[in-house]
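# Structure assessment
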Amino acid sequence: KRDIARQMSNYLNDSLKICDGAIASTEFLANEYRQIQPNTIVLKNTVDPSDAFKCKENKTGKFRIGFIGSVTTNDDYLHIRDQIKKLDERGDITIVVFGVKYKDGRILASCDNDLMFWASLKNVEWQHFVPVNEYYMTIANLALDLVIIPRKEHYFNQCKSNLKFLEMSLLKIPVVAQGFSDGSSPYQGIDEPYMTVIVDNSQWYDKIIEVKENYGRYKLLAEKAKEYVLKEYNVREFAHVWKEEIIKLAYKK
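Residue indices begin from 1 for each chain and proceed along its sequence in written order. Only residues with pLDDT of 70 or above have their local features reported here, since the model is predicted, and side-chain atom pairs are shown and tallied only from 80 upward, although totals for entire chains, interfaces and linings are computed over all residues. Values shown for side chains rest on all heavy atoms present in the structure; no hydrogens or waters enter the calculation.

### Examining helix α8 (residues 204-213)
In plain terms, the rule: Throughout this description, buried means an accessible area under 20% of the type-specific maximum (1.4 Å probe, protein chains only), exposed means over 50%, and partly exposed covers the range between. Going along the chain from the N terminus, every DSSP run of H or I of four or more residues is numbered as a helix, and every run of E of two or more is numbered as a strand. Our arc is simply the arc of the directions from the helix axis toward the C-beta atoms.
Here α8 has its buried residues at W204, Y205, I208, I209 and V211. Angularly, the buried residues of α8 cover 155° about the axis, an arc narrow enough to put them on a single face.

Below, the structure is given as structure tokens:
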């Protein structure tokens, strides 16, 4: 994984050196890019209201917790692995893993150890990767009660954006996300009132059970999060900003 990440980083750095400008989704990441390409601007993530599908109702009798995409690998769940096992052992929770496997059963490169962990759980359900145009509909059909976004506290994750929060909020799925001790997590700050952010990593299990046992309150928060996201991150409202800034970027001397 480290070799792959190093190679990708080298490709990115080479591209930044030869391009006329760059776009980043956060100021933190833009400042990193500017060390190589000074002509870097920030354009925030947006979502399309047409992707706000109605989620399938959970009628399984178990609380369904989603782990979506990158948090199923990249060491991002390792610091709460024991708490995930504790959740699994309760018997009234289903861990839904969206990632790791392809439709034909192949495993994402270098993820054998991740597969071993998730497959060791008693109450695990798998969802394979899907084409990007099927992403929102697939999540909506998983009947998730909660999505959690653990992240290992390091430089790479400081460069990440709030995209997972936006995606889940568009679908009105409550979110419990990772905070960092120095406040540099992409989930800390302006969006924080619309999700639950955990800094003390010993608290993941307790907070998830609190969400489960007081679900009405957190579902209401998710509904407010959708309203907030559609107001502040709506692509139909902010597309003109992208257009204007890209034109400036193209003609900047």
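### As for the packing of aromatic side chains
Just so we agree on the cut-off: Here is the rule: rings of Phe, Tyr and Trp (six-membered ring for Trp) pair when centre to centre is within 6.5 Å. Planes less than 30 degrees apart are stacked, more than 60 are edge-to-face, and the remainder are tilted. A ring is considered to have a charge above it if a Lys NZ or an Arg CZ atom is located within 6 Å of its centre and within 35 degrees of its normal.
What the rule picks out here adds up to 10 aromatic pairs. Both rings, one in F63 and one in Y215, keep their centres 5.6 Å apart while their planes meet at 85°; by these two values the pair is edge-to-face. Within this pair, whereas F63 is found in strand β3 (residues 63-68), its partner Y215 is found in helix α9 (residues 215-232), the two being separated by 152 residues in sequence. Centre to centre, the rings of Y102 and F129 are 5.1 Å apart; their planes meet at 45°, and the pair counts as tilted. Of the two residues, Y102 sits in the loop between β4 (93-98) and α4 (112-119) while F129 sits in the loop between β5 (124-127) and α5 (135-140), which places them 27 residues apart along the sequence. A relative accessible area of 28% places F129 in the partly exposed class. The rings of F67, Y77, F117 and W118 are connected pair by pair, giving a single aromatic cluster. Above the ring of W126, the side-chain terminus of K101 is found at 4.2 Å from the ring centroid. Positioned above the aromatic ring of Y102 is the side chain of R106, whose terminal nitrogen or guanidinium carbon lies 4.5 Å from the ring centre.

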